[in-house]
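Residues per chain are reported as follows:
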Amino acid sequence: MSVVSLRDPGRIIRAYLRFDIAASLAVTVLFSLVALIRPAYAMKIESVKSPGGIEAWLVEEHRVPMLALRFGFAGGNSQDPAGKEGLANFITGMMDEGAGDLTSEQFQQRMEEIAMRMSFEDGKDTLSGNFETLTVNRDKGLELLKLALTKPRFDPDAIERVREQLQAGLVYAARDPEKVAGQAWSATAFKGHAYGRPANGTKDSLAAITRDDLLAFHKKTFAKSNLKVVAVGDITAEDLGKLLDTVFGEIPAKAELAAVAQTKIAAGSQQVIEMNVPQSVAVFGLPAMARKDDDFMPAFVMNQILGGGGFASRLMEEVREKRGLAYGVYSYLQPYKSASIFAGSVATKNESIAQSLDVIRSEFKRMAENGPTETELKNAKSYLTGSYALRFDTNSKIASQLLGLLQDDYGIDYVEKRNAQVEAVTMADIKRVAAKLLKNDDLIVTIVGKPANLPVTATTAAPKG
Amino acid sequence: MKYARGCGEALRTLAQPSRITSPFVLPLMAIIMLAFTHATLAAKPASNATEFQLANGMQVVVVPDTRAPVVTHMVWYRVGAADEPRGVSGIAHFLEHLMFKSTDKIPMGEFSKIVSRLGGQDNAFTGHDATAYFQRVSKDRLPTVMGMEADRMVNLKLTEKEVFTERNVILEERRSRIENNPSALMDEQMNAALFMSHPYKIPVIGWEHEMAKLSPTDAMTFYKRFYAPNNAILIVTGDVTPEEVRSMAEATYGKVPANSGVGAVRQRPMDPPQRAARRLRFEDPRAGKTSLTRYYQVPSYVTAKPGQAEAMDLMMKILAQGSTSQIYKRLVVDKKISSGASGYYSGNGLDYGTIAIQAIIADGSTAEVVEAEIDAAIAQIKEHGVTTAELERAKSGFIADYVYESDNQATMARRYGWNLVVGRTLAQVDSFPDDIAKVTAEDIKTAANSFLNIKSSVTGVLVPTADAGARADMPMVAPSSTQMMR
């Protein structure tokens, strides 16, 4: 996440109103997986190489006079040094805090004057940037983007301001049952691995981060060797070539990334973290296959039927529609570079959370033992292939989809091939993969709240603010 | 504010109702001019939105966008939580959930599944002034979803069992959104104080004790009173022409007879003059940091005089939106007494608008100190107004926002929906850039003096307290991960 949201207390406070995990996960998962589906129409993806040798994918679309750039640097918050957790996230909050001769205030005012949008986000494996400009201000916008990428100031005053915001964010997160559940689940599932460490840091790790840490991380990560770029909008291939050299030409040639080992997800377990809230939040998940595993696509289609398909999914039908136990329940398949997970979440009043989890476990078992029905499989494919165009109806959505593919080293023809792969998934594939994947004994379950009939294993702080 | 039925939909919330802004893909030249100088806005940019009416009174708006072969199809009803009878709060939102049950043509619980099989996505949401249903589908599926939406406009069937099961779902929704969340609880208290008689004082999702008693009869009574083509607006954006939409709409919605008992003037109890500032202090061990929130009751785009609402939008952007705003600079950058500060004008209400200002109190400071600085910033804008540079930046931001928004057909559909559902016209929506451009520094100073009136305000302080039952000194569980699974 970016610190930008922390700058706005309204957004912090309002974030508490949303079904946070549900909204953010559902969106993330859709974005990362629907990229596999081919658009129904002729969207021409072009591979562009700049005179200076920087490569990018381009979709030309001149009907709206704007340009969306998405770029990602491999690395991400799994690169945070031990004791400096939260460093990648810290950087994302510093990128518009002044660069070159422009102070923080001057930089931000300039961004507003030319109505340019720029934001950065850290994931487990990538630090990515979003940039949008109106065509008429393109050159001015690119100049600012380049400054931010090559000459960030990291002024002490701005560092302290952002640090305070990040610390405040931690205080809020520690009291949010959804966030506490997500954190605790990751810490358990990825114990001993970089993925299990807190991406937004801890009070102590944030306090320990120095300007030199920011500069070092910036230099190691923002390099050409680990850079992927997608451009969508009102620009030609030739102009994009020039743009790439202008913006990215002067960053270091080679990134210096620490190796992140492949990891195994921990064994199945259940923990109950006591928090004084009327509704318990549960996060559940188990190990899954890598993105490029042959079983990935069958698992993706299976998840559509089990818990990824909204009101068309079994979990929603059994937990919400039939029993009224929850507002939201879902599952998703999430591949990372060093591990993949199949996970989900549900929130139910304390008296009934155990029942919700029982229903979910029995649906895992039913799917593992019997697979879906032919009708369910047909309907799932119908949705997945029929809805693909919905993912490509705006410049910024196209750019996000394509960057995901580029970062996973797929070729430019991947989008087309993947559509056929959805159709090719057979009932036998799904049954085999479901039986292999959905083992209730593997489930790591984290519950936060005051659940009835479940033993408490830990308590939360609600520490003094 | 509004509540969606599903959880995958990105939600605006109680604290940030959708902004009233304006039109669709502007012609290239207009955009270039807009981006360069606001003076050129005097020439009103053309819009490609078309409006017509069916014989039964249903209003229709079509906004073509041919970039992708998909459409966003929405039906907006001119009814929301503020139209509920007293004592059955939450019924508008509850009915919105129940609209996904069954009709003679659509089997129990199949509505969303059918849309899914069509390769589409659907959802719905409810606000104080509107209830809307939508599907996003490929263009060839449009007639099908129009037929389904027209069918459930008047043919909904409910059984006791499914109503009571769904009632548990909305109670869980309330727990997720409100009961588990101290900021949301305080927001409810503040709105209840900000409005004295007007139903904006009642949360859209409803008060829990009233939700728990909602019945099938409550739902069907509300449905029959408010759902009819002459109380609805159809909005279609995407790869479709107005002519195509007209013929499809006539074949579906056009077959539904008008209901003369529906669609009366929406007359809600209005507030008396507000004569004293109200204050709240809400303590909750789950509150995180101490924060301060102030709401003002002000006019909305519908009730303000021409130019006033636009002036409030610009005023709040300059005063409190983003890191270049006056309050952010004063509280966060210069005095370092807040870790965050923001504010906005929310002008989309039928009867009132609200202005909100919020700040998180930094360690070492107090809510009193922060409030005094916010009041100083407000006093300054009242006395000195804003600079030309601030005004130009703010205008540039608003105008660019909707050029960017023109990239997204779903956003466009909502923009028109939120405006038209409270009775604004297409022309008013489309003239938004002109109207923003016309605002002067003097207008903003006048707006500040007229509307940032402490007597019409509520100030709330949310304070984290130690919870006797919650082991305040234990270390935080799992400090080793703050990453949500993404």
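Conventions we followed
Residues numbered from 1 in each chain as written. Chains lettered and ligands numbered in written order. Predicted model: local features only at pLDDT ≥ 70, side-chain atom pairs only at ≥ 80, totals over all residues. Heavy atoms only, no water. Salt bridge = Lys/Arg side-chain N within 4 Å of Asp/Glu carboxyl O. Helix = DSSP H or I, 4+ residues; strand = E, 2+ residues; numbered from the N terminus. Domains from an automatic or database assignment. Buried area = accessible area lost by both parts, 1.4 Å probe. Polar contact = N/O pair within 3.5 Å; in protein donor to acceptor, adjacent residues only side chain to side chain. Nonpolar A, V, L, I, M, F, W, Y, C, P; charged D, E, K, R; others polar. Pairing = 2+ DSSP bridges. Axes fitted to C-alpha atoms, helices over the stretch in contact; angles between N-to-C directions. Contact = heavy atoms within 4.5 Å. Buried < 20%, exposed > 50% of the residue type's maximum accessible area, 1.4 Å probe, protein only. Lys, Arg positive; Asp, Glu negative; His and termini not counted.

Structural notes on the pattern of salt bridges
No. 1: A full pass over the atoms with the stated rule returns 59 salt bridges over all chains.
No. 2: Among the salt bridges present, the one from Glu256 of chain A reaches Lys219 of chain A, with a minimum N-O distance of 3.7 Å. Of the two residues, Glu256 of chain A sits in the loop between α10 (237-248) and β7 (269-274) while Lys219 of chain A sits in helix α9 (residues 211-221), which places them 37 residues apart along the sequence.
No. 3: Its salt-bridge partner being Lys242 of chain A, residue Glu238 of chain A comes within 3.9 Å of it at the nearest N-O pair. A residue pair is termed a helical-turn pair when its members lie 3 or 4 positions apart in one helix, as Glu238 of chain A and Lys242 of chain A do in helix α10 at four residues.
No. 4: The network of salt bridges with common partners includes Asp83, Asp129, Arg266, Arg268 and Asp351 of chain B.

Some points on the domain arrangement of chain B
Residue and element names in this part refer to chain B.
No. 1: In terms of domains, chain B is made up of domain 1 (50-255) and domain 2 (289-463).
No. 2: The C-alpha centroid of domain 2 is placed 29 Å from the C-alpha centroid of domain 1.
No. 3: Buried area between domain 1 and domain 2, both sides added, is near 2600 Å², and the carbon and sulfur share of it is 70%.
No. 4: Among the residues of domain 1 in contact with domain 2, Met186, Met190 and Leu194 are the three that bury the most area, contributing 23% of the side total.
No. 5: Our count for the domain 1 to domain 2 interface comes out at one salt bridge.
No. 6: Across the contact surface, domain 1 and domain 2 share ten residue pairs in polar contact (both at pLDDT 80 or more).
No. 7: Only β2 (50-53), β3 (59-64), β4 (70-77), β6 (131-138), α6 (182-194) and β7 (232-238) provide two or more residues apiece to the side of domain 1 that touches domain 2.
No. 8: Here the side of domain 1 that touches domain 2 takes eight residues from α6, the largest share from any one element.
No. 9: Class assignment of the residues belonging to the side of domain 1 that touches domain 2 gives a composition of 19 nonpolar, eight polar and seven charged.

Here's the deal with the environment of Ala347 of chain A
No. 1: Position of Ala347 of chain A relative to the elements: it lies in strand β10 (residues 340-349).
No. 2: Linking Ala347 of chain A and Ala282 of chain A, residues 65 residues apart in sequence, is a C-alpha distance of 6.1 Å.

Observations regarding the sheet that holds strand β9 (residues 291-298) of chain B
All names here are of chain B.
No. 1: Reading across the sheet, the five strands line up as β8-β12-β9-β11-β10 and stay open at both edges, with mixed pairing between neighbours. Looking at which strands have only one partner, the edges of the open sheet turn out to be β8 (278-283) and β10 (338-346). Each neighbouring strand pair of the sheet contributes to a mean axis angle of 10°, computed without reference to strand direction.
No. 2: As defined by bridge partners, β9 adjoins strand β12 (residues 457-463) across six bridges and the pair is classed as antiparallel. Across the sheet, Tyr296 pairs through a bridge with Ser457, a residue of β12.
No. 3: In the packing of helix α11 (residues 326-334) onto the sheet, the strands contacted are β10 and β11 (353-361), and the crossing angle to β10 comes to about 165°.
No. 4: Against the sheet, helix α12 (residues 367-384) makes contact with β8, β9, β10, β11 and β12, and its axis sits at roughly 35° relative to β9, the strand it touches most.

Examining the side chain of Asp234 of chain A
Residue and element names in this part refer to chain A.
No. 1: Along the chain, the position of Asp234 falls in the loop between β6 (227-233) and α10.
No. 2: One buried charged residue, Asp234, forms no salt bridge at all, with the nearest opposite charge on Arg138 at 5.5 Å.
No. 3: Of the polar contacts made by the side chain of Asp234, one reaches the side chain of His62; its length is 2.6 Å.
No. 4: In this view, Asp234 contacts Glu61, His62, Val64, Pro65, Met66, Leu67, Thr135 and Arg138; residues no more than four positions away in its chain are not counted.

Topic: the domain arrangement of chain A
Residue and element names in this part refer to chain A.
No. 1: Taken domain by domain, chain A comprises domain 1 (4-248) and domain 2 (269-461).
No. 2: A straight line from the C-alpha centre of domain 1 to that of domain 2 covers 26 Å.
No. 3: The partner domain 2 presents 61 residues to the 55 residues of domain 1 that form the contact.
No. 4: Carbon and sulfur atoms make up 75% of the area that domain 1 and domain 2 hide from each other, which totals about 5000 Å².
No. 5: Here domain 1 is connected to domain 2 by one salt bridge.
No. 6: A salt bridge links Asp409 to Lys228; the shortest N-O distance between them is 3.5 Å.
No. 7: Summed over the shared surface of domain 1 and domain 2, the result is seven residue pairs in polar contact (both at pLDDT 80 or more).
No. 8: Looking at the side of domain 1 that touches domain 2, the elements that each hand over two or more residues are α2 (20-34), β1 (46-49), β2 (55-60), β3 (66-74), β5 (126-134), α7 (177-189) and β6.

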